[in-house]
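Inside the fold
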Amino acid sequence: MVRIKDTCIYGVPYYGAMTKKFFPYIFGSLPDSPDTFNILMMHFGISGQVKDKPGIEISEDLRNLHNKVNYLALGHFHKQFALPRNEEWIFNPGSLEVNDVKEVWGIRGQSYERGIYIVEVRDKEN
């Protein structure tokens, strides 16, 4: 964990298909701290975000992390997205580099955004 003022940043490495099994353990390891803004960085994709690529389903265990995590920073898929649409807390910036020709024109003709998110934590609510 890295702490910068009232923001705590946690990182979890890539576990592939086993990732979803770790959500309850991650939840149990994070402190209950209403005075901090918690950022969790993980390496996995969300199912349904990129056609023809498997990902992790948004399960109850994943949703439960939001009780302790204000901002889940993902990486793995090269497409940019933020979820859920009505209360975004899961963010995947996408890749700055093109690693596959499909990323230029998209998959099956549908291109997608990629890039970075610049995050400024002003208080726990935003």
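Preceding block: the structure.
Report on the accompanying structure. (Residues numbered from 1 in each chain as written. Predicted model: local features only at pLDDT ≥ 70, side-chain atom pairs only at ≥ 80, totals over all residues. Heavy atoms only, no water.)

1. Quick notes on the sheet that holds strand E1 (residues 2-4)
- Spatially, the six strands line up as an open sheet ordered E1-E2-E3-E4-E6-E5, and their pairing is mixed. This sheet does not close on itself; its edge strands, each paired only once, are E1 and strand E5 (81-83). Taken over all neighbouring pairs, the strand axes of this sheet differ in orientation by 20 degrees on average, direction set aside.
- Looking at chain direction, strand E3 (residues 37-43) and strand E4 (residues 71-75) are connected through five bridges and run parallel. Note that in E4 the partner of Ile-39 across the bridge is Tyr-71. (Pairing = 2+ DSSP bridges. Helix = DSSP H or I, 4+ residues; strand = E, 2+ residues; numbered from the N terminus. Axes fitted to C-alpha atoms, helices over the stretch in contact; angles between N-to-C directions.)

2. Regarding the side chain of Thr-36
- Structurally, Thr-36 is set in the loop between helix H1 (19-29) and E3.
- Taking the relative accessible area as the measure of exposure, Thr-36 reaches 3% and is therefore buried.
- A polar contact of 3.3 Å, which involves the side chain of Thr-36, links it to the backbone oxygen of Ser-33.
- Of note is the side chain of Thr-36, whose polar atom sits 3.1 Å from the side chain of Asn-38. (Buried < 20%, exposed > 50% of the residue type's maximum accessible area, 1.4 Å probe, protein only. Polar contact = N/O pair within 3.5 Å; in protein donor to acceptor, adjacent residues only side chain to side chain.)

3. As for a nonpolar patch on the surface
- Taken together, the side chains of Leu-96, Ile-116 and Ile-118 define a hydrophobic patch exposed on the protein surface, amounting to about 380 Å² of accessible area.
- With respect to the helices and strands, the residue Leu-96 is situated in the loop between strand E6 (90-92) and helix H3 (102-105). (Patch = residues over 30% accessible without salt bridge, like charges linked within 9 Å, V, L, I, M, F, W, Y side chains within 5 Å. Areas by Shrake-Rupley, 256 points an atom, 1.4 Å probe, with all protein chains shown as cover. Salt bridge = Lys/Arg side-chain N within 4 Å of Asp/Glu carboxyl O.)

4. Quick look at the pairing of E3
- Buried residues dominate E3, accounting for five of its seven residues.
- In the sheet, strand E2 (residues 7-11) pairs with E3 via five bridges, with the strands oriented parallel. For Tyr-10, the partnering residue across the bridge sits in E3 and is Leu-40.
- Read as a crossover between parallel neighbours, the route from E2 over H1 to E3 is right-handed.
- Crossover connection from E3 via helix H2 (residues 60-65) to parallel E4: handedness right-handed. (Right-handed = clockwise from strand over helix to strand, strands pointing away.)

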